[in-house]
Every structure is written in C-alpha cells, then in structure tokens.
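Chain residues, written in single-letter form:
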Amino acid sequence: MSAKLLKGTEIREALLAEIKQEVEAIKAAHGVVPGLVTILVGSNPASLSYVSLKIKTAHSLGFHEIQDSQPADISEAALLALLEKYKRDDTIHGILVQLPLPPHINEKKVLDAIDPDKDVDGFHPVNVGRLLIGGKEVKFPPCTPAGIQEMIRRSGVETSGAEVVVVGRSNIVGKPIANMLMQKGPGANATVTVVHTGTKNLAAHCQRADILIVAAGVPGLVKPEWIKPGACVIDVGVNRVGEKTDEKTGRQVAILRGDVDFDAAAKIAGFITPVPGGVGPMTITMLMRNTLNSLKFRLGI
Ligand code: GUN
C-alpha cells in the first residue's frame, strides 16, 4: 500500500481534546456549558446505538446532555410540542431528532420545527440556505461534510484550485460537501463536479479528481483505475455486506465495506480513508463542535 491512511479515529481524539479545553475555558469565564438534547422516537437498535454514543461523547466533554426517549407511538403534535419546549430552554444549545422517524410522523415537518439557531445537525432549510450563501452566514455545517472538510484540511492536501469530484447527491453528504468546497475561503475554493446515477461516464470524471469524495452507498463502486495517482480519496460509504464472528467477543458483527475498492485503491491514491474508522468517527465529533459553537454564538464570543 502506498497511500497514507486518513484515520478519523485519530483526528477525532485531537479535535475532542480541543473541544474539551474550550468547554472548560468557557465554563470558567462564563459559568455555562454547552447543552445538547437528543430525541429518540422508538427503539430502532441502530438509532439507539448512535444516540448513546452521541450522549456519551457529550458527557465526556463536560456538556449538559439529555437523552429524551419517546415511545414509537408518540403523536406528531406531541413531538412538535417537545421541540418548542427545548427551543425555549436556555440550558439547551443543540437539539437533535434522531432519524429515521416512524412512518406516522412527517419528518420534514419535524425538521422544519427545530429552532434553526439550535439545529446542530444543520438540516433545517434556514441552515441549508446559510450554507449555500457561505462565509460568516454559516452557523451549523452538517456534521458528515464538516468532518470530511476537516479530514482534508488535516491531510495537508490543497483544496484551492483542486479538481474535486463528489460521487452522490444526497442532502446529507453530496450536496452540502460540494457546496462547501466550492465556496471562497480556506479549506475550499475548489472546482467541484458532482456525479450521480444520471452521469454518463463516471470513470472519466473520477479520473480527473485530485480529491475524490464518494458517498453513493454502493459497495466497491469506485474501481482502482478510476483513481488519479496520488489523489486524496474520501470514502463515505458504510455498507453492510455480511456478518462475521468477532474473535474477541464471539458475537456476530457486521462486515462493513466502503464505496471504494480499498485494497486496490490504496496502491494508487496518495491519501485514503479506511472503512470503518475513516469518515464515520468524524460525524459525532463535528456534532459536538456545532453544539459548542451554538453556545459561543449565544454568548457572542
Ligand atoms: N440518522 C442517521 N444519521 C443521522 C444524523 O446525522 N442525524 C440525525 N438526526 N439522524 C441521523
């Protein structure tokens, strides 16, 4: 393997230490800590595990944290009322509703009801608009794209003037990361192409990329011959392709594969993210940063 590994697990530790230090400084100077509420409706096992990790991380940083678990049959009106309650709660700076929601609840209506100034996921249309405008307008960049930008920045790969190709056009990853990297400013200023299921020649576009970001949800979609030698390859795909027995615990665990054929791609790329342990660990870290920033906006610091 010739590519350098971009490990989210390592970058996360550095970022969390920075956040913790800032939390302590703000607490000493202003007597307040960031407050995060995660709302979980029902008991989807994957959601439960994500929410627990978010709360555990918030707790380890000294945040005020609340896990608000609601029954799967909560009414839409009751959920909206809960969002109103947390909007008015001055100890809460970040509100997150874990997705997906049960089918009887209109997800868009719920996301639209989150206070845009506490929307640490960055999914509210106001924050999507702020991201598009860019610069100082941006309050809460969505967490996975923010993590990707941070990984690229820490790799030392130049984004200004770089050819970036984004594979996938989702609202959570493809559209926002493309928008963020084309903005004027540090860690951006790139020439961005977005390719998707309607694109005629995926390979030819990918071959131009100095930075290739793949968020398609198709295991092994990107072949090694699609990668420009020395390119920085960010694989956002986390695909369950089977199960295996964990050697230590003896339990059945998922076999995860990215959207890039990792072993072959690592021989050609300059930098590459592993799956798992690449982009994944960055998402919760950036959620913590957004929550800290929300408090800083509130304090005007
Ligand atoms: N479900 C899966 N990923 C996410 C996320 O980033 N935010 C929320 N709110 N729900 C999710």
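The notes below deal with the structure included here. Since the model is a prediction, treat every value here as computed from it, not as a measurement.

### Examining the sheet that holds strand β6 (residues 191-195)
Two strands in a sheet stick together by hydrogen bonds in their backbones, pointing the same way (parallel) or opposite ways (antiparallel).
Thinking step 1. Strand order in this open sheet of 6 strands is β1-β11-β8-β7-β5-β6, and the pairing throughout is parallel. Two strands in the sheet have a free side with no partner beyond their single neighbour: β1 (4-5) and β6.
Thinking step 2. In this sheet, β6 lies alongside strand β5 (residues 163-167) in parallel orientation, the contact comprising 5 bridges. Looking across to β6, one finds that Glu163 is bridged to Thr191.

### Points about the sheet that holds strand β3 (residues 64-70)
Thinking step 1. Across the sheet, 3 strands lie side by side as β3-β2-β4; this open sheet has parallel pairing. Each of the sheet's edge strands pairs with one partner strand only, and the pair in question is β3 and β4 (94-97). Sheet twist, expressed as the mean angle between neighbouring strand axes with direction ignored, is 15°.
Thinking step 2. Note: strand β2 (residues 35-41) against β3, 7 bridges, orientation parallel. If you follow Leu36 over to β3, its bridge partner there is Glu65.

### Observations regarding the nonpolar core
Thinking step 1. Core analysis: the biggest nonpolar cluster contains 45 residues, and Ile19, Ile148, Ile213, Ile234, Val236 and Met288 have the highest contact counts within it.
Thinking step 2. Broken down by element, the residue count for this core peaks at 7 residues, all from helix α10 (residues 280-299).
Thinking step 3. If we skip the residues at most four places from it in the chain, Ile19 touches Leu61, Phe63, Thr285, Met288, Arg289 and Leu292.
Thinking step 4. By size, the runner-up hydrophobic cluster in this structure holds 21 residues, among which are Val165, Val167, Ala203 and Ala231.

### A look at helix α7 (residues 174-182)
Thinking step 1. Taking burial as the measure, the 9 residues of α7 include 7 buried ones, the bulk of the element.
Thinking step 2. Looking only at α7, the buried set comprises Gly174, Pro176, Ile177, Ala178, Asn179, Met180 and Leu181.
Thinking step 3. At its buried positions, α7 is contacted by α5 (125-133), α6 (143-155), β5, β6 and β7 (211-214).

### A look at helix α3 (residues 76-88)
Thinking step 1. Across its 13 residues, α3 extends 19 Å between first and last C-alpha, which sits within 8% of the 18 Å expected from 1.5 Å per residue.
Thinking step 2. Among the residues making up α3, those that are buried are Glu76, Leu79, Leu82, Leu83 and Tyr86. Projection of α3 onto a plane perpendicular to its axis shows the buried side chains occupying an angular sector of 120°, all on one side. Within α3, the exposed residues directed more than 90 degrees away from the buried face are Ala77 and Arg88.
Thinking step 3. For α3, the elements touching its buried residues are β2, β3, β4 and α4 (107-113).

Cut-offs and rules
Residues numbered from 1 in each chain as written. Predicted model: local features only at pLDDT ≥ 70, side-chain atom pairs only at ≥ 80, totals over all residues. Heavy atoms only, no water. Pairing = 2+ DSSP bridges. Helix = DSSP H or I, 4+ residues; strand = E, 2+ residues; numbered from the N terminus. Axes fitted to C-alpha atoms, helices over the stretch in contact; angles between N-to-C directions. Core = buried A, V, L, I, M, F, W, Y, C linked by side-chain atoms within 4.5 Å. Buried < 20%, exposed > 50% of the residue type's maximum accessible area, 1.4 Å probe, protein only. Contact = heavy atoms within 4.5 Å. Expected span 1.5 Å × (residues − 1). Arc of directions from axis to C-beta.

Fair warning: the whole summary comes from geometry, so function is off the table for now.
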